[in-house]
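So the chains spell out like this:
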Amino acid sequence: MRDRPDFRLDDVLLAEAARLLEEGGGTLDQSGRASAEASAAGGEFEARLVARARALPAAPTLRAALAHLRGATLLATAAGCVLATTGGAGAVHALLTASAGAPVNVFHALATLLALPTATLFGWLLFVGLGAGLGGGRTAVAGVLGQGVFALAGRLARLLDRGPAQLTMVRAAAHVLGSSGAGRWWASAVSHGLWLAALLGVLAALLLHFGTREYSFNWETTILAERHYLGATRVLAALPDWLGFPVPDAAMVAASSKGFDTAAAGSRKAWAGLLLGCVVAYGVLPRAAALLFSLLAARRATVRIRLDASHPGYARLRPALMPMARQAGIVDADRPAVVDDPAAAAEPPALGEDGPLAVFGLEIDEPAGGWPPPVPGIEWLDMGYVNDRTDRHRVLDGLLAAAGRPRAVLIVCALPVTPDRGHQGFVHDLQRRTGVAVLMLLTGGQRLRARGHPERLETRIDDWRRLARAANVPADRVIEADLDHPTDDGAARLRRWLGAGVGPDPGSAGGRAPATIGPAFALIAEHAGRWSTAPAAPGERDRLALQQAIAALYRGTSGRWPDLLRIRLPDALVERVPDGAGIVSAAERMVSLLPARLQLSPRWLAAGALAGGLGCLAAAALVAPVAIASLPAWAGLGAAVSAVLQQRGARPPAPPAGRDLGEPVAAAALFALVLHLQGRDEAAITRLLDQALGDGEPPSLPDAAGVRAWLGDVQARLDRALQATEVQS
Amino acid sequence: MNRPTGLPVLQVAVVGHTNTGKTSLLRTLTRDVTFGEVSDRPGTTRHVEETVLLVDGRPLVELYDTPGLEDSIGLLEAFEAARSDRRTDWVDVIRGVLDGPDGQGRFEQEAKALRQVLASDVALYVIDARDRVLGKHRDELEILARCARPVVPVLNFVASPDARTEEWRQQLKRLNLHAIAEFDTVVLDGAAEKRLFEKMQTLADPFRPTLDALITDRYRRRQELVEGAAELVADLLIDVAAHVRAVPEQDDPIGAVGPLQQAVRDREQQCVSDLLELFRFRADDYEADALPITDGKWGFDLFSPAELKRFGIRAGSGAAAGGLAGLAIDAMVGGLTLGAAAVLGATLGAIWSSVGMHGQRLVDVFRGYTELRVRDETLRLLAVRQMELIEALLRRGHASQDKLRLAAGAGAGAGAGAGAGAGAGAEGGRSRWAADALPEELEEARSRPQWSRLATAADRPRPDGDAGRTAARDALKRRIARDLAADIGT
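Scope of this entry: the structure provided in the associated data block. All values derive from a computational prediction rather than experimental measurement.

How each quantity is defined
Residues numbered from 1 in each chain as written. Chains lettered and ligands numbered in written order. Predicted model: local features only at pLDDT ≥ 70, side-chain atom pairs only at ≥ 80, totals over all residues. Heavy atoms only, no water. Pairing = 2+ DSSP bridges. Helix = DSSP H or I, 4+ residues; strand = E, 2+ residues; numbered from the N terminus. Contact = heavy atoms within 4.5 Å. Axes fitted to C-alpha atoms, helices over the stretch in contact; angles between N-to-C directions. Salt bridge = Lys/Arg side-chain N within 4 Å of Asp/Glu carboxyl O. Buried < 20%, exposed > 50% of the residue type's maximum accessible area, 1.4 Å probe, protein only. Buried area = accessible area lost by both parts, 1.4 Å probe. Polar contact = N/O pair within 3.5 Å; in protein donor to acceptor, adjacent residues only side chain to side chain. Parallel < 35°, antiparallel > 145°, perpendicular 65-115°, else oblique. Nonpolar A, V, L, I, M, F, W, Y, C, P; charged D, E, K, R; others polar.

**Description of the sheet that holds strand E5 (residues 151–156) of chain B**
Reasoning step 1: The strand order E3(A)-E2(B)-E3(B)-E1(B)-E4(B)-E5(B)-E6(B) describes an open sheet built from seven strands, whose pairing is mixed. Each edge of the open sheet is held by one strand with a lone partner, namely strand E3 (325–332) of chain A together with strand E6 (181–182) of chain B.
Reasoning step 2: Relative to strand E4 (residues 122–128) of chain B, strand E1 (residues 10–16) of chain B runs parallel, the two being bridged by five bridges. Paired with B:Gly16 across the two strands is B:Val126, which belongs to E4(B).
Reasoning step 3: Packing of helix H1 (residues 22–30) of chain B onto the sheet brings it into contact with E3 of chain A together with E1, strand E2 (48–55), strand E3 (58–65) and E4 of chain B, and relative to E3(B) it is tilted by some 165°.

Listed below in structure tokens is the structure:
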């Protein structure tokens, strides 16, 4: 790893503490500003993490916590040193004053004073050596005293400042130092420092005592011989002698054995010198060397400390700090175009009086209703489909060369196709060069709606109308009609529009659909009122009459709700009686629009199936009222309902006790709701049904007042739900 | 880690007929929803906008969004008219027309797009696969071919039911375009994105190492995202599993049920917010049904039996009905139950840490407290719900309602749609959670109440926050997160 001089331990600790805080309590960067600053700063990921930590609003608190921790560490170390020094001095004091007046046992004193420090030093060396030998493993044992001091420092810091920042900073320091090896070296350094302080205390106390009082020394032994001590003295004295301390020679050793006269001149000084020298040479100096070594190693390890960027707490920040992409701005700006509108100048050509009506499809799929459009009583001049450049030229030439001059040309455009300038230019050119009036029919709306996002249909129609305007085709020469789902109604409408001069789109006989569901519900209430006073329960014909009335209300939107219910009427114009399969599929479809909750109730299932089946019949009735009178299809209704119930694994519900209008009213209400909500996508319809219809089973409504009350509830809920969707969109 | 130094920067022009999803494609590739402007109207993009794909902060690919081509038929006719001499090079002809009056006027938008193509190394030609193959598309492709730049057709909206993918492939082959990429900016597919880059590699060989670096980086970031999300969920699960609430014996435990449920709901909500933040989700960029949550909140209550059913999680026998769903009551009074044994085990095992917490629990035993904990089924439901959210977020893009509704398991109601996007691995993973036993890591968490960060009873202050954070908890969290990440699937 390369050394990166800009990383400081402070930064790493800050970042670690921030990470720990965020892992525990959610992000610290609520406004996103710190991350934004950091990613703008650039550089490697680790550098950005540090920059972010620095820019956090919590950073000053964390820095203060770090300062506290530092202070606490220094305090703890200082306290430790003081304790150690005192301890050392105290040990000497105890040693030398224990035997008042009696000679000091030199070797015993040496052992007492130096055994422990030396042993721990060897221990430290061993563990460090082992650690290095094992490939730098983390031997936690090294520097035990130091770790104790750090733990104390942590406690102290937390005592001073109980906040979570302090807590976290202590943990962060422990984690960073502990996992990098630097902690071990720092702990060792403190350990050595403490021992050094203790030994210096020993030294100082010895000097004090030897300087101010007169001591005599001897040595004793039970099992060893004098020559052992001679040898030992010689060995021990070597280093102190080299350092310049006075040391005893062989004679003094012999003379100092217990029992002999110990007051020989010079020997006291020599023995004192030996003691002092040994403390220095075998206590202070090694520890000082170890301290230096540890400090150097700690320094080096600290410089090497890095953030572990692969830690999940950091990796989580990567998407924000190291974005995958960067916007680089606009290369070729849009100049606000000077819109010269040549089309606005000229008058559009007038419609001809007579002659065929030329028609071609512009980039459309073959309509399901057939080609040319199935409008009765029109003389078509079929020019086929225009899909590419060649076709465009062909049509242009064809119109120019047409023998019987067409009175207008109907361009059938597809709503799923995005209108573009190519279309616009073509239409404009066509009208200008041939002088024939252009009419435009926009088809394929259902297919566009089926793609989802029903609001896009309105936008698309608007775009095509704009294109027409820009191509000099007046607004009343553009109509929207779906040729994939032709209905008699629609055909009649087109005929009127195409035939009797072209005025505004006449819409349909029924006018626009009602704005709220109120009229439909009023119809239901009215019928229910009649049923409640009738002798028998409402039969299928009565229910069908109600559904037809509701369907008539929504006539203005013809062509859409039968598609929603997937009602397929037979093609033959004469017989518009739907077959059993058609009724079943419509029943299925209505049931599938129900929310899941209601689908668990067999009574709602039955109501839904009935509504669907009756809806199918009502659709048929809309176009060919005559056929209904001869319907043998009532059996089909019952079978459809049972089929749907069986498929869902529900048992047919028990017939209600007494006069209960609940089910027929529920079925009619469902039908009205679906008709009212048509035009939205299915998920939205289901959601709105869920919110409008409330809980549980269809209500039991014994009389007209109950019916009105229930319908009023449903209407209120529906209005609320619709308002909510209005607000959202 | 390899630093992608010295890699050549690839310049890509994204062109196509108007309203085919070029800007959406770039938003998806850059994961940046603020880029450009998207609408369903023609001519939305009216300038060339650049965005740069970065790897480790270094730019590797420059992408240029261009205005849609609208009048290519006219444009090709203009080129052909200008090419009076057969021997003139097409590129020169094109430049000539673009620099001429038409290029500033009638074909201004097309000119910008083509100039960008001429300045780039590769062109991506974006196609709305739902459109029929028409003359104008062929003309556009011919113009691009004349620009002498490698062209990768990108079929967009391939996941739509009325996509005509096969028809397009046939037609493109006839024009000698064989390296075709499929994409769907509605349902993001990491594999499709990779294939797009690979197709670009085949056509622009000098940039192979650049695209390799990009592919590797994308994969790595996705993995990190999954792991990060799994960590958040693992944290949630540990917090909820370990949580124990003590109720004095004389009090009715039902009264404590409400607050406990609310605490768990709040904790789940926090996890959801964290996940949304991790994926840099913005509420106004998504359709309401794109994610299984609305307004950043789960709509269905965590504790309703219907929600368990929706996810196909079978409740254990003796599940309490109504409001008690989701809780189990370990009566600790009068003898050792499983709950008390867990306490003792934990106490003996962790006698050195958090004596305060355990001491309190032991006192609770003797004073006769009832312990409320969260049931296994709720834990499983938490896991499965969050995994569903994560999978939906991984597939972020503009919404397609059908595709993002995931399969809810065998026992779910008939209304759930089929999740075509969920791979077999993901299904298996979630059904692992939906099955009976909790993973053993969570069982272990159950015996460590000090690991839970949820507040305990209102009258007892939270223990020292540090007590919950131990290395052992972190290790356990990693294990659970690894399992979850593996279950989340591709």
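**Concerning the pattern of salt bridges**
Reasoning step 1: Here the structure, examined in full by the defined rule, presents 45 salt bridges over all chains.
Reasoning step 2: Measuring nitrogen to oxygen at the nearest pair gives 2.8 Å for the salt bridge that ties A:Asp11 to A:Arg54. Remark: A:Arg54 occurs in helix H3 (residues 45–55) and A:Asp11 occurs in helix H1 (residues 9–25); sequence separation between them is 43 residues.
Reasoning step 3: Of the residues examined, A:Asp11 reaches a relative accessible area of 3% and is grouped as buried.
Reasoning step 4: Judged by relative accessible area, which is 39%, A:Arg54 ranks as partly exposed.
Reasoning step 5: Notably, a salt bridge pairs B:Arg164 with A:Asp365, separated by 2.9 Å at the nearest N-O pair. Placement of B:Arg164 in the loop between E5 and helix H7 (165–174) and of A:Asp365 in the loop between strand E4 (357–362) and strand E5 (380–386) is noted, with the two residues assigned to different chains.

**Here's the deal with the interface of chain A and chain B**
Reasoning step 1: Across the contact, 58 residues belong to chain A and 71 residues belong to chain B.
Reasoning step 2: Regarding the contact of chain A and chain B, the summed buried area is about 5,900 Å², with carbon and sulfur atoms giving 42% of it.
Reasoning step 3: The largest per-residue losses of area from chain A upon contact with chain B belong to A:Met324, A:Arg389 and A:Arg421, which jointly make up 14% of the total buried on that side.
Reasoning step 4: At the boundary of chain A and chain B, one finds 16 salt bridges.
Reasoning step 5: Across the contact surface, chain A and chain B share 26 residue pairs in polar contact (both at pLDDT 80 or more).

**As for the pairing of E4(B)**
All names here are of chain B.
Reasoning step 1: Among the seven residues that make up E4, seven are buried, leaving the element largely enclosed by the rest of the structure.
Reasoning step 2: Neither face of E4 is open: one carries Val122, Leu124, Val126 and Asp128, the other Ala123, Tyr125 and Ile127, and all of them are buried.
Reasoning step 3: Across six bridges, the pairing between E4 and E5 is parallel. Among the inter-strand pairings, Tyr125 is bridged to a residue of E5, identified as Pro153.

**Thoughts on the packing of H1(A) against H3(A)**
Residues and elements named next belong to chain A.
Reasoning step 1: Running from amino to carboxyl end, H1 crosses H3 at an angle of 75°, the nearest separation of the two axes being 9 Å. The orientation of H1 relative to H3 falls into the category roughly perpendicular. Residues Asp11, Leu14, Ala15 and Glu22 of H1 touch H3, and the partners they reach there are Val50, Arg52, Ala53 and Arg54.
Reasoning step 2: Each residue belonging to the contact of H1 with H3 can be placed in one class, and the counts come to four nonpolar, no polar and four charged.

**Brief notes about the environment of B:Asn176**
Reasoning step 1: Residue position: B:Asn176 is located in the loop between H7 and E6.
Reasoning step 2: A polar contact is formed between the side chain of B:Asn176 and the side chain of B:His178, at a distance of 3.1 Å.

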